[in-house]
Amino acid sequence: MKVIIVENYEEASQEAAKIFINQVKEKPNSILGLATGSTPVRMYELLREDHEKNHTSYKDVKSYNLDEYFGLDASHPQSYHYFMYKNLFNGIDIKDENVHVPCGQGNIQENCDEYNKMLAENPIDIQLLGIGSNGHIGFNEPADVFEEYTHCVELTQNTIDANKRFFESEEEVPRKAYTMGIGTIMRAKRIVLVVSGEDKADILRKVIEGPVTPKVPASILKFHPYVTIVADKAALSLCNKQY
């Protein structure tokens, strides 16, 4: 693992944006694995600003998102499809047909099979990740085994509690979600994990210094040959190693 130390969330967003902008410039037809949640919001804003100012083009890029809530239509303001267009896609020149987010409605197995087929045919060049306070990446929650492929999961109370701030009430938070499996994430050629804040310090310590276990899903990243962790000093504050 390569660790890039920054001062705060803003610097973490800037570093992550640089990595993705360089990826697209070096390979204009890159396949990007993208994430949602609060972590990438500023990074996506920086990508939009760069596109407007420097004309970095995404017209030949394909994107595949990590996850989507089960039961929400793509037009729902809390769906990850809606999030991606609001925060990124509406501000760059990516083609709609090149945007892929798991379908939140319909037959669960058919949706998973279709997404797995697309991902097998379009290997991800660079995958963006955030991390939950329980160690989840995507919606791969702590479990007894590492899931291989896209699947539908029951969200833990920890994740529901973390996400309820985006809804009017906890009751409105979906209880299930689609997510790329750990195996699919690990097949990305490069992975960038962005972590910010003291509230992520304990779980980041477990990821970096603890054992590889499905009880801490992100710990599997230690087995990937090309992982970059962009973390601020607060997130690294409990690590024994001085980076």
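Note: the structure precedes this text.
Our subject in this report is the structure included herewith. (Residues numbered from 1 in each chain as written. Predicted model: local features only at pLDDT ≥ 70, side-chain atom pairs only at ≥ 80, totals over all residues. Heavy atoms only, no water.)

Along the backbone of the protein chain there are 7 helices and 10 strands. In terms of C-alpha radius of gyration, the protein chain reaches 17 Å, essentially the compact-globule figure of 18 Å for 243 residues. Along the longest, intermediate and shortest principal axes, the C-alpha atoms of the protein chain span 45 × 40 × 35 Å. Looking at the 243 residues of the protein chain, the share that counts as buried comes to 52%. If you take every contact in the protein chain between residues at least 6 apart in sequence, the share linking residues at least 24 apart comes to 80%. Surface accessibility of the protein chain: about 11300 Å² in total, with carbon and sulfur atoms responsible for 48%. Across the protein chain, the mean location of the 26 positive side-chain charges is 6 Å away from that of the 36 negative side-chain charges. (Helix = DSSP H or I, 4+ residues; strand = E, 2+ residues; numbered from the N terminus. Rg over C-alpha atoms; globule rule 2.2 N^0.38 Å. Buried < 20%, exposed > 50% of the residue type's maximum accessible area, 1.4 Å probe, protein only. Contact = heavy atoms within 4.5 Å. Areas by Shrake-Rupley, 256 points an atom, 1.4 Å probe, with all protein chains shown as cover. Lys, Arg positive; Asp, Glu negative; His and termini not counted. Charge placed at Lys NZ, Arg CZ, Asp CG, Glu CD.)

The subject of this paragraph is the packing of aromatic side chains. Under the defined criterion, the tally for this structure stands at 7 aromatic pairs. Consider the rings of Tyr69 and Phe167, whose centres lie 5.8 Å apart with planes at 75 degrees: the pair is edge-to-face. With Tyr69 in strand β4 (residues 67–69) and Phe167 in the loop between α5 (157–163) and β8 (176–179), the pair connects residues that are 98 residues apart, well separated along the chain. The exposure class assigned to Phe167 is buried, which follows from its relative accessible area of 10%. One aromatic cluster is present, built from ring pairs that chain together Tyr69, Tyr80, Phe139 and Phe167. (Phe/Tyr/Trp six-rings, centres within 6.5 Å; stacked < 30°, edge-to-face > 60°.)

Turning to unusual backbone geometry, a few remarks are in order. Despite not being glycine, His55 shows a phi value in the positive range, around 65 degrees. For His55, the position within the fold is in the loop between α2 (41–54) and β3 (62–65). Taking the relative accessible area as the measure of exposure, His55 reaches 62% and is therefore exposed.

Moving on to the pairing of strand β9 (residues 190–195). Counting buried positions over the 6 residues of β9 gives 6, a clear majority of the element. Residues Arg190, Val192 and Val194 line one face of β9 and the alternating positions Ile191, Leu193 and Val195 line the opposite face, and both faces are buried. In this structure, strand β6 (residues 126–129) lies alongside β9, joined through 4 bridges in parallel fashion. Among the inter-strand pairings, Leu129 is bridged to a residue of β9, identified as Leu193. For β9 and strand β10 (residues 227–232), the ladder comprises 5 bridges, and the chain directions are parallel. Note that in β10 the partner of Val192 across the bridge is Thr228. In terms of handedness, the path from β9 via helix α7 (residues 201–209) over to β10 forms a crossover that is right-handed. (Pairing = 2+ DSSP bridges. Right-handed = clockwise from strand over helix to strand, strands pointing away.)

Here Arg190 lies in strand β9. One buried charge, Arg190, has no salt-bridge partner; the nearest side chain with opposite charge is Glu26, at 6.9 Å. Side-chain polar atoms of Arg190 contact the side chain of Thr228, separated by 3.5 Å. Each residue touching Arg190, except ones within four places of it in the same chain, is listed here: Ile19, Asp125, Ile126, Gln127, His224, Tyr226 and Thr228. (Salt bridge = Lys/Arg side-chain N within 4 Å of Asp/Glu carboxyl O. Polar contact = N/O pair within 3.5 Å; in protein donor to acceptor, adjacent residues only side chain to side chain.)

This part takes up helix α3 (residues 80–87). Among all positions of α3, only Tyr80, Phe83, Met84, Tyr85 and Asn87 are buried. Against β2 (31–34), α2, β3, β4, β5 (99–100) and α5 lie the buried residues of α3.

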